[in-house]
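Here are the chains, one letter per residue:
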Amino acid sequence: MNRFSSLTLRAVGETLEVDWSLVDRLPPPAVRVLDHRPAAPRLTVQLRADPEPSEDELRGAFVDFLRREAARRIPPVLAALADGAGIPRPPHVRIGLTRSRWASRSSSGTVACSVHLLFVPEALFRHVLLHELVHVEHMDHSPAFHARLRQLDPLSESHSRALRSADRDYLPPWLRH
């Protein structure tokens, strides 16, 4: 993972500046991500100085941060979209790191969302969440499903097309692996 100076979370309109710091005596884990919000939109990444953490340890620390961030950010947006559309709120929201799906909805009603959603533009973020909410009314991709999705997201076809390349267009390279 190349060290970077900022982390842009487009879905929620926030860019976090990232400071890197080597620490001589850092107890496990080898990487700590310190969040300075709300005082400042900044993260400090503390790295064990000797031996330096592996790429996997670095990636793991950021994925853990992103899971916490997604768990804090996605459920309220999903609830607001459900309320605005007159669709029942999902009983559970699960946050994960998926490779092939942005989100899914199970027959039990759980909506599973990938941390990757934090990196796409807000319109695509909202589209994915609306897509999963419409599955409450239509558990398929029938014409009725697409009509309801278009009602809630008039640009749904263009948003669906944009999602096909969104991983290449918006995800940081270290998160795509």
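Data block above holds the structure.
Starting afresh in each chain, residues are numbered from 1 along the sequence in its written order. At least 70 in pLDDT is required for a residue's local features to be given in this predicted model, at least 80 for side-chain atom pairs to be given and counted, and no such filter applies to totals for whole chains, interfaces and linings, which use all residues. Side-chain descriptors were evaluated using all non-hydrogen atoms of the structure, hydrogens and water having been removed beforehand.

Regarding the pairing of strand E2 (residues 14-23)
Thought 1: For strand E1 (residues 6-9) and E2, the ladder comprises 4 bridges, and the chain directions are antiparallel. For Leu-7, the partnering residue across the bridge sits in E2 and is Leu-16.
Thought 2: Note on pairing: two strands pair once DSSP finds at least 2 bridges between them. Strands here mean DSSP runs of E at least two residues long; helices mean DSSP runs of H or I at least four residues long; both are numbered from the N terminus. Here E2 pairs with strand E4 (residues 42-48) via 7 bridges, running parallel. Residue Glu-17 lies in a different strand from E4, and its bridge partner there is Arg-42.

Details of the side chain of Glu-69
Thought 1: Topologically, Glu-69 is positioned in helix H1 (residues 55-85).
Thought 2: Two residues form a contact once any of their heavy atoms are found within 4.5 Å. In this structure, Glu-69 is in contact with Leu-9, Glu-14, Asp-35, Arg-37 and Leu-118, ignoring residues within four places of it in sequence.

A few points about the pattern of salt bridges
Think of it this way: side chains of opposite charge can pair up when their charged atoms draw near.
Thought 1: Any carboxyl oxygen of Asp or Glu that lies within 4 Å of a side-chain nitrogen of Lys or Arg is treated as forming a salt bridge with it. As enumerated under the stated definition, the model contains 12 salt bridges in all.
Thought 2: As a salt-bridge pair, Arg-3 and Glu-52 come within 2.8 Å of each other at their nearest N and O atoms. With Arg-3 in the segment before E1 and Glu-52 in the loop between E4 and H1, the pair connects residues that are 49 residues apart, well separated along the chain.
Thought 3: In this structure, Arg-89 engages Asp-83 in a salt bridge whose closest nitrogen and oxygen atoms are separated by 2.5 Å.
Thought 4: Whether a residue is buried, partly exposed or exposed follows from its accessible area with a 1.4 Å probe, protein chains only, as a fraction of its type maximum: under 20%, in between, or over 50%, in that order. Exposure remark for Arg-89: the relative accessible area of 51% places this residue in the exposed category.
Thought 5: Residue class for Asp-83 comes out partly exposed when judged on its relative accessible area of 43%.

Focus on the sheet that holds strand E5 (residues 93-96)
Thought 1: Overall, mixed pairing links the 3 strands, which are arranged E5-E7-E6 in an open sheet. Because the sheet does not close on itself, it has two edges, and the strands there are E5 and strand E6 (103-105). Strand-to-strand twist of the sheet, defined as the mean angle between neighbouring strand axes without regard to direction, takes the value 15°.
Thought 2: Direction of pairing for E5 relative to strand E7 (residues 111-114): parallel, over a ladder of 4 bridges. Looking across to E7, one finds that Arg-94 is bridged to Ala-112.
Thought 3: Relative to E5, H1 is tilted by about 145°, and along the sheet it contacts E5 and E7.
Thought 4: Note on definitions: angles span 0 to 180 degrees between N-to-C directions of axes, and those axes are lines fitted to C-alpha atoms, for helices only across the stretch in contact. Against the sheet, helix H2 (residues 122-137) touches E6 and E7, its axis set at about 10° to E6.

Digging into the packing of H2 against helix H3 (residues 143-152)
Thought 1: As a packed pair, H2 and H3 sit with axes 10 Å apart at the nearest point and diverge in direction by 135°. Taken as axis vectors, H2 and H3 run oblique relative to one another. Classified by chirality, the crossing of H3 by H2 is right-handed. Mapping the contact onto sequence places His-127, Leu-130, His-131, Val-134, His-135 and Glu-137 in H2 and Phe-145, Arg-148, Leu-149 and Leu-152 in H3. In this scheme, roughly parallel covers angles under 35 degrees and roughly antiparallel covers those over 145, while 65 to 115 is roughly perpendicular and the rest are oblique. Helix crossings are classified by the rotation of the near helix relative to the far one: an anticlockwise turn of less than a right angle makes the crossing left-handed, while a clockwise turn makes it right-handed.

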